[in-house]
Amino acid sequence: GVACGTGKSFIPMLERGWKVTACDISASMVEMARAKAGPQVRFEVADMRELPVYGSFDLVCCLDDAVNYLHSQGELEQTLRGLAANMAPHALCIFDSNTMTQFRGFFAERVELERGGRRMIWEGHADASFGPGEIAEASFSYEPLDGGGPTMPPELHRQRHHPESEVRAAIDASGLELVALYGHHHDGVPHQPMSEDDHTKAIYIARLKRTM
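Just so you know, these numbers come straight off a predicted model, no measurement behind them. (Residues numbered from 1 in each chain as written. Predicted model: local features only at pLDDT ≥ 70, side-chain atom pairs only at ≥ 80, totals over all residues. Heavy atoms only, no water.)

Participant: Account for the overall build of the protein, with residues named and values stated.
Facilitator: Across its full length, the protein carries 5 helices and 10 strands. A compact globule built from 212 residues should have a C-alpha radius of gyration of about 17 Å, and the protein, at 18 Å, falls within 12% of that. For the C-alpha atoms alone, the extent of the protein along its principal axes is close to 65 × 45 × 30 Å. For the protein, the residues scored as buried account for 43% of the 212 residues in total. Taking all contacts inside the protein whose residues are at least 6 apart in sequence as the whole, residues at least 24 apart take part in 58%. Accessible surface computed for the protein: about 11100 Å², of which carbon and sulfur atoms make up 52%. (Helix = DSSP H or I, 4+ residues; strand = E, 2+ residues; numbered from the N terminus. Rg over C-alpha atoms; globule rule 2.2 N^0.38 Å. Buried < 20%, exposed > 50% of the residue type's maximum accessible area, 1.4 Å probe, protein only. Contact = heavy atoms within 4.5 Å. Areas by Shrake-Rupley, 256 points an atom, 1.4 Å probe, with all protein chains shown as cover.)

Below is the structure:
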């Protein structure tokens, strides 16, 4: 799993008996994931734009909108080349990307959630005029409800919308070919065709290009 964060995306794989190697650019995120998974997972700290070759894997995943933190088509191509270099000949690569609906919705909203004695605050700075290929900003912070404990100052998140045409071109340029494209809304149920207007995420499934 590439850009594994705290491990949410690969825990279900472990539950099904899969062998997992995971990496993230954040050493602290890797440590949180390691605490959940234990020694059965190989962890590495790596920037997905400069991804080392860790092996030849049957499935390479980069989920939960990690590619939206890549701010150009060139960075997306770099990342996909790194994913391709870690794929076995028969492997699949799966990654997702936020749609216009997500940027004009969630990235334009203020959301407060109280959990575990803390109030978490998401403040989106985009609006309905957000356009294809643009970069949206949002801040995330939390504060204790009882006045005690630490407060996290606003953390800035900057994500770029990747138009489908650019993603398809990046897939082709990286030595991959698109197998399927799905879209889903907040229910997580995949549908075809993917719609920027009806879905919050686009799910791309690719494989290594077949040679004759």
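Participant: Could you give me a rundown of unusual backbone geometry, with the residues and numbers involved?
Facilitator: In the segment running from Gln192 into Pro193, the intervening peptide bond is cis, with an omega of -5 degrees. Looking at where Pro193 falls in the secondary structure, it is placed in the loop between strand S9 (176–184) and strand S10 (201–208). Phi is positive for Asp64, which is not a glycine, with a value near 65 degrees. Take Asp64: it is sitting in the loop between strand S3 (57–62) and helix H3 (73–85). In the Ramachandran plot, Asp65 falls in the positive-phi region, its phi being about 60 degrees despite a non-glycine side chain. Structurally, Asp65 is set in the loop between S3 and H3. Residue classification places Asp65 among the buried residues on the basis of a relative accessible area of 16%.

Participant: Before we move on, could you go through the nonpolar core and cite the residues and values that matter?
Facilitator: Among the nonpolar cores identified, the biggest contains 29 residues, and Val2, Cys62, Leu80, Leu83, Phe95, Ile171 and Tyr204 are the most heavily contacted of them. Contributing elements (two or more residues each) for this core: S3, H3, strand S4 (87–98), helix H5 (164–173), S9 and S10. Residues in contact with Cys62, not counting those within four places in the same chain, are Val2, Ala3, Met48, Val67, Leu83, Ile94, Phe95 and Asp96. (Core = buried A, V, L, I, M, F, W, Y, C linked by side-chain atoms within 4.5 Å.)

Participant: Describe the packing of aromatic side chains, with residues and values.
Facilitator: Given two aromatic rings, their pairing is described by the distance between the two centres and the angle made by the two planes. According to the stated counting rule, one finds 7 aromatic pairs in the structure shown. Ring geometry for Phe103 and Phe130: centres 4.9 Å apart, planes at 20 degrees, overall stacked. Taken together, the residues Phe103 in helix H4 (residues 100–104) and Phe130 in the loop between strand S6 (118–124) and strand S7 (135–144) connect sequence positions 27 residues apart. Judged by relative accessible area, which is 4%, Phe130 ranks as buried. Aromatic pair Phe106 and Trp122: ring centres 4.6 Å apart, planes at 5 degrees, arrangement stacked. Here Trp122 lies in strand S6 and Phe106 lies in the loop between H4 and strand S5 (110–115), a separation of 16 residues in the sequence. Here the aromatic residues Phe103, Phe106, Phe107, Trp122 and Phe130 are joined through ring pairs into a cluster of three or more. (Phe/Tyr/Trp six-rings, centres within 6.5 Å; stacked < 30°, edge-to-face > 60°.)

Participant: An account of the pattern of salt bridges is requested, with residue identities and associated values reported.
Facilitator: When the charged atoms of two side chains lie near each other, side chains of opposite charge can form a pair. Tallying each qualifying case throughout the model produces 16 salt bridges. Between Glu75 and Arg49 there is a salt bridge, with the nearest N and O atoms lying 3.2 Å from each other. One end of the pair, Glu75, is in helix H3; the other, Arg49, is in the loop between strand S2 (42–45) and S3, with 26 residues separating them in the sequence. The partner of Arg158 in a salt bridge is Glu137, and the shortest N-O contact between them spans 2.9 Å. In this pair, Arg158 is assigned in strand S8 (residues 152–160) and Glu137 in strand S7, connecting sequence segments 21 residues apart. (Salt bridge = Lys/Arg side-chain N within 4 Å of Asp/Glu carboxyl O.)

Participant: Describe the layout of surface pockets, and please don't skip the residues or the numbers.
Facilitator: In this structure, the largest pocket spans a volume of roughly 1700 Å³. If you trace the largest pocket, you find 44 residues lining it, with Met29, Asp64, Asp65, Tyr69 and His157 closest to the centre. Only strand S1 (21–24), helix H2 (27–37), S5, S6 and S8 provide two or more residues apiece to the lining of the largest pocket. Partitioned by chemical class, the residues of the lining of the largest pocket number 21 nonpolar, 12 polar and 11 charged. Approximately 350 Å³ is the volume found for the second largest pocket. (1 Å grid on protein atoms, 1.4 Å probe; cavity = no way out; pocket = protein on both sides within 12 Å on 5 of 7 lines; lining within 4 Å. Points joined across faces, edges and corners; volume = space filled by probe spheres on them. Nonpolar A, V, L, I, M, F, W, Y, C, P; charged D, E, K, R; others polar.)

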